[in-house]
Amino acid sequence: MKKHNFSAGPCILPEEVFKEASQAILDYNNSGLSVIEISHRSKDFVDIMEEARSLALELLGLEGKGYKALFLQGGASTQFLMVAYNLLQNKAGYINTGSWSDKAIKEAKLFGDVIELASSKDANFNYIPKGYEVPEDLDYVHCTSNNTIFGTQIKDFPKSNAPLICDMSSDIFSRQMDFSKFSLIYAGAQKNMGPAGTTLVVIKEDILGKINRQIPSMLDYQVHLGKASMFNTPPVFAVYTSMLTLRWLKKLGGLATIEELNEKKANLIYSEIDVNPLFKGFAAKEDRSVMNATFTLVNEDLKETFDAMWKEAGINGVNGHRSVGGYRASMYNAMTIESVAALVDVMGDLERKA
Ligand SMILES: *Cc1c(COP(=O)(O)O)cnc(C)c1O
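For every chain, the first residue of the written sequence is number 1, and numbering continues from 1 along that sequence. Per-residue local features of the predicted model are confined to residues with pLDDT of at least 70, and side-chain atom pairs are confined, for both listing and counting, to 80 or more; whole-chain, interface and lining totals are unaffected and use all residues. For the side-chain quantities, the full set of heavy atoms in the structure was used; hydrogens and water were omitted.

Novice: How would you sum up the UniProt feature "binding site: pyridoxal 5'-phosphate" (unreviewed entry) in the protein? Please name residues and give values.
Specialist: With numbering aligned to this structure, UniProt lists the feature "binding site: pyridoxal 5'-phosphate" (unreviewed entry) at A76, S77, W100, T148, D167, Q190, N232 and T233. These annotated residues cover 158 residues of sequence, and their C-alpha atoms sit far apart, with the largest distance between any two at 30.4 Å. Helix and strand definitions follow DSSP, with helices as H or I runs of at least four residues and strands as E runs of at least two, each counted in order from the N terminus. Take N232: it is sitting in the loop between α5 (221-226) and α6 (236-252). The contact criterion used throughout is that any non-hydrogen atoms of two residues lie within 4.5 Å. Excluding anything up to four places from it in sequence, N232 contacts H40, Q73 and M218. UniProt positions are given in the numbering used here, feature names are shortened, and annotations may be inferred rather than shown by experiment.

Novice: Help me get a handle on the sheet that holds strand β14 (residues 327-330), residues and values and all.
Specialist: If you walk across this open sheet you meet the three strands as β11-β12-β14, and the pairing is antiparallel. With one partner strand each, in any of the chains shown, β11 (279-281) and β14 form the two edges of the open sheet. Direction aside, neighbouring strands of the sheet carry axes that sit 35° apart on average. Here, strands pair whenever DSSP counts at least two bridges between them. By the bridge criterion, four bridges tie strand β12 (residues 292-297) to β14 in an arrangement that is antiparallel. Considered in β14, the bridge of F295 is made with Y327. Geometry is summarised by axes, namely lines fitted to C-alpha atoms with helices restricted to the contacting stretch, and by angles between N-to-C directions that run from 0 to 180 degrees. On the sheet, helix α8 (residues 303-312) packs against β11, β12 and β14 and is oriented at approximately 25° with respect to β14.

Novice: Explain the site of the ligand to me, using residue names and the numbers behind them.
Specialist: Near the ligand, the surroundings consist of 13 residues, among which S77, T148, D167, Q190 and K191 are the closest. Two N or O atoms count as a polar contact when they lie within 3.5 Å, although within protein this holds only if one can serve as hydrogen donor and the other as acceptor, and sequence-adjacent residues are included solely when both atoms are side-chain atoms. Q190 has a polar side-chain atom sitting 2.9 Å from an oxygen atom of the ligand. Coverage of the ligand by the protein chains reaches 87% of its 390 Å² of free accessible surface. Among the elements that take part in the shell around the ligand, helix α3 (residues 75-87) stands out by supplying four residues, more than any other. Only a single heavy atom is needed: when it lies within 4 Å of a molecule or strand, its residue is near that molecule or strand. Only the protein chains shown count as cover for residues, and all accessible areas are computed by the Shrake-Rupley method using a 1.4 Å probe.

Novice: Could you give an account of the pairing of strand β4 (residues 113-119), naming the residues involved and the relevant values?
Specialist: Bridge count between strand β3 (residues 91-96) and β4: six bridges; the pairing is parallel. Bridge pairing in β4 places G93 opposite I115.

Novice: Can you tell me about the UniProt feature "modified residue: N6-(pyridoxal phosphate)lysine" (unreviewed entry) in the protein, naming the residues and giving the values?
Specialist: Under the feature "modified residue: N6-(pyridoxal phosphate)lysine" (unreviewed entry), the UniProt entry names K191. Within the secondary structure layout, K191 lies in the loop between β9 (184-188) and β10 (199-204). Categorising residues by exposure relies on relative accessible area from a 1.4 Å probe, with only protein chains included: less than 20% of the type maximum marks a residue as buried, more than 50% marks it as exposed, and the intermediate range marks it as partly exposed. Given the relative accessible area of 12%, K191 is considered buried. In this structure K191 touches A8, G9, C11, T148, S169, S170 and Y332, once residues within four positions along its chain are discounted.

Encoded structure:
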C-alpha cells in the first residue's frame with residue numbers, strides 16, 4: 001500500500017505524474033522509444049523543455065515581463081555560487097534564516113563582500129527576523145522564502161532597490177504572490193516540483209551582464225539563456241517529470257487552488273499541535289511554514305510509542321532534522337489532506353492512550 005509520505009525531499013509527487021512518467025520510461029507517446037533514450041535535440045524533447053519553461057513562467061504570472069526560465073543541474077546548492085558569480089561585483093546583503101541561507105552566504109563570500117542584514121541564529125532559527133535596515137549600495141539582496149529544516153516561512157519579503165533574489169526550493173508554486181518583486185528565483189526540483197536532478201532558475205534578464213569577471217560557461221546564466229536551457233545535455237527525465245507536475249498544477253487551477261489546499265493542510269496539523277498537550281511547535285507562530293511543520297514531544301519518554309504508532313499507520317518521513325530534533329511533517333503540493341489527517345489521528349490517539 002502507498003505510504004503517507006511526509007519526507008522533506010525528495011518529495012511525493014502526484015500519483016498521476018508517477019504513472020505517466022513510468023509509462024514514458026517504457027514508451028514515450030507510442031514512439032517505440034523511452035523518453036530517456038531519445039535525443040535531447042529531437043522535437044519531442046525540445047517541446048518538453050519549452051513546455052516546462054513556459055508553464056513555470058505562466059504559473060508564477062511572469063509571462064511577458066522580461067523573465068526567462070532555465071532548468072539547470074547541480075541543485076540549489078550550485079545556485080548559491082552561481083548567483084554570486086553572475087551578480088556580485090562589490091557587496092551583497094543576505095538574510096540568514098537557517099542552514100540553507102548560511103550555505104548561500106558561505107559561497108557568496110568567495111566572490112565579494114557579504115553582509116548579513118539580519119539573522120535568527122540567536123534562537124536556532126525558529127523565527128523570521130523583521131524590522132532590519134537594507135542599505136542602498138547593494139548589488140542584490142538574497143533571502144530564503146521557506147526554511148525547510150526549521151519550519152519557518154517569510155510572509156513579508158525585504159524591500160530594496162537592489163534586485164531581490166530568493167531561494168524558493170521548498171515552497172515554489174505553493175502560494176500566490178506578486179513574483180515580479182523578485183529578479184531571480186531558484187528552486188531545486190525535488191521539494192515541490194519533480195524528482196531530484198534539475199533546478200529551476202527564473203531570471204529577469206536585465207539584471208545580467210553587469211559584472212566584469214570571466215564566468216565559466218556552465219556557470220554563466222547568459223550562456224544557458226542563449227541556448228534555451230540546452231547548452232549541454234539537460235537532465236531529461238527530471239525536466240520531463242517536472243513538466244508533468246506543472247501540467248497537473250495548472251489543470252488543478254494553479255497557485256490559487258493549491259494555496260487554499262496547502263493552508264487547509266497546515267491548519268489541520270497546527271491546530272493539533274496547539275491543542276494536544278503532548279506536543280509543542282518549534283517555529284514562532286506568526287512565522288510558521290505552510291510546507292514543513294516542525295514539532296517536538298513534550299515528554300521524550302513517549303517517543304518509542306509514538307514512533308511505533310505512526311509507522312503502524314503507514315506514515316513515512318516525519319523524523320525531524322538533526323539540528324532541530326523531534327518531528328517534521330512536510331506537506332508539499334502533492335500531499336493530500338487525507339494523509340495529513342492520518343498523522344493528526346495518530347497524534348490524537350497518542351493523547352488518548354498516554
Ligand atoms: C533542499 C534545499 C536546498 C538544497 O538543495 P539541493 O538541490 O540539494 O542543492 C537549498 N535550499 C533550500 C531552501 C532547500 O530546502
